[in-house]
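# Close look at the chain arrangement
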Amino acid sequence: MISKEENILFAAEKLFAEKGFEGTSTREIAKAANVNISMISYYFGSKEKLYEKLVEYRMSEGQFFSKDILERTDINDWEKIEKIVDQFAGKVRHQKCFYRIMQREQLHTQNPHIVEFLKQTKMGFISMYSKILESGLKKGIFTKNPPIYLLHSTVSGTLFYASNAKEMYKEFLNNTDEEDVFDDTYYTELNTHIKYLLKDLLGYEENK
């Protein structure tokens, strides 16, 4: 059961992904969410604040997960990396609308609040990778020390590009499976591919 506030956020998310921020009106959001337009002002104040709240809502989900991963003592540092990749890939797959918005924002945003929030979120992920890498190197789990910012770029860049190009690859493969069936195969292979890359970059040997 989602709240009225979340209902508005999710309706707005789909419209922002399809039409962009400027191309979406509060009236359209209210209609999609099946609420009175005054409810948007009540919960968010303005379309700009609603947009900022959406970004914070989605990005915070990942940060809470990441903090929990760092604090776990029942798994090793490579398993922590695996869980981060699993979670990130799952979000890119299942929250397509939001990540379409984010890719547009990284190229064109002029909202200083969102610019700062995105920067702090990225810095948080880089810091998380750095802590796991440092710990893994000390324990001998990892034998290579790649530039941490490039490690982050490898994960996020590969996920975003592959997600955007999915339909092209489906056509290239002459794949006639239903969308959900192809998605299962595609994102499983993508997830495995990223882990292979990271194993090589980190010098991790599974049966060492």
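Residues numbered from 1 in each chain as written. Predicted model: local features only at pLDDT ≥ 70, side-chain atom pairs only at ≥ 80, totals over all residues. Heavy atoms only, no water.

## Focus: the overall build of the chain
Scanning the chain from terminus to terminus reveals ten helices and zero strands. Each principal axis of the C-alpha distribution contributes one length, and for the chain these read about 60 × 40 × 35 Å. A burial count over the chain gives 42% of its 208 residues as buried. In the chain, the share of contacts with a sequence separation of at least 24, taken over all contacts with a separation of at least 6, comes to 68%. Of the roughly 12100 Å² of accessible surface on the chain, a fraction of 52% belongs to carbon and sulfur atoms. If the 29 positive side-chain charges of the chain are averaged to one point and the 32 negative ones to another, these points end up 4 Å apart. (Helix = DSSP H or I, 4+ residues; strand = E, 2+ residues; numbered from the N terminus. Buried < 20%, exposed > 50% of the residue type's maximum accessible area, 1.4 Å probe, protein only. Contact = heavy atoms within 4.5 Å. Areas by Shrake-Rupley, 256 points an atom, 1.4 Å probe, with all protein chains shown as cover. Lys, Arg positive; Asp, Glu negative; His and termini not counted. Charge placed at Lys NZ, Arg CZ, Asp CG, Glu CD.)

## Some details on the pattern of salt bridges
Per the stated rule, a full pass over the model turns up 14 salt bridges. Residues Glu52 and Lys49 are paired through a salt bridge, measuring 3.6 Å at the closest nitrogen-oxygen approach. Placement of both Glu52 and Lys49 in helix α4 (residues 47–71) is noted, with a separation of three residues, approximately one turn of the helix. Residue Lys195 is joined to Asp86 by a salt bridge in which the shortest nitrogen-to-oxygen separation is 2.8 Å. Placement of Lys195 in helix α10 (residues 179–202) and of Asp86 in helix α5 (residues 77–94) is noted, with a sequence separation of 109 residues between them. (Salt bridge = Lys/Arg side-chain N within 4 Å of Asp/Glu carboxyl O.)

## Structural notes on the UniProt feature "DNA-binding region" (unreviewed entry) in the chain
Within the UniProt annotation, "DNA-binding region" (unreviewed entry) is assigned to residues 25–44. Across residues 25–44 one finds 70% helix and 0% strand; the C-alpha atoms that close the span lie 14 Å apart. (UniProt positions renumbered as here; feature names shortened; annotations may be inferred.)

## Structural notes on helix α2 (residues 26–33)
Of the positions making up α2, those classed as buried are Ile29, Ala30 and Ala33. Along the axis of α2, the buried positions cluster into a sector of 100°, meaning they face one direction only. With respect to the buried face of α2, the exposed residues turned more than 90 degrees away are Arg27 and Lys31. Phi turns positive one or two residues past the end of α2, at Asn34, with a value near 60°. (Arc of directions from axis to C-beta.)

## Concerning helix α1 (residues 4–19)
Helix length check: α1 (16 residues) gives 22 Å between terminal C-alpha atoms against 22 Å at 1.5 Å per residue, within 8%. Along α1, the residues that are buried comprise Ile8, Leu9, Phe10, Ala11, Ala12, Glu13, Leu15, Phe16 and Ala17. (Expected span 1.5 Å × (residues − 1).)

## Considering the packing of aromatic side chains
According to the stated counting rule, one finds 16 aromatic pairs in the structure shown. Centroid distance Phe16 to Phe21: 5.8 Å. Interplanar angle 35°. Geometry classified as tilted. Across the pair, Phe21 and Phe16 agree in class, each one buried. Ring centres 6.3 Å apart and planes at 55° place the aromatic pair Tyr43 and Phe44 in the tilted group. When its relative accessible area of 29% is taken as the criterion, Tyr43 is described as partly exposed. (Phe/Tyr/Trp six-rings, centres within 6.5 Å; stacked < 30°, edge-to-face > 60°.)

## A word on the nonpolar core
If you look at the biggest cluster of nonpolar residues, it comprises 55 residues, and the most contacted ones within it are Phe16, Leu50, Tyr129, Phe142 and Leu198. Elements that contribute at least two residues to this core include exactly α1, α2, α4, α5, α6 (96–108), α7 (112–138), α8 (148–164) and α10. Residues within four places of Phe16 in sequence aside, it is in contact with Phe21, Thr24, Ile29, Lys47, Leu50, Tyr51, Leu54, Ile101 and Arg104. (Core = buried A, V, L, I, M, F, W, Y, C linked by side-chain atoms within 4.5 Å.)

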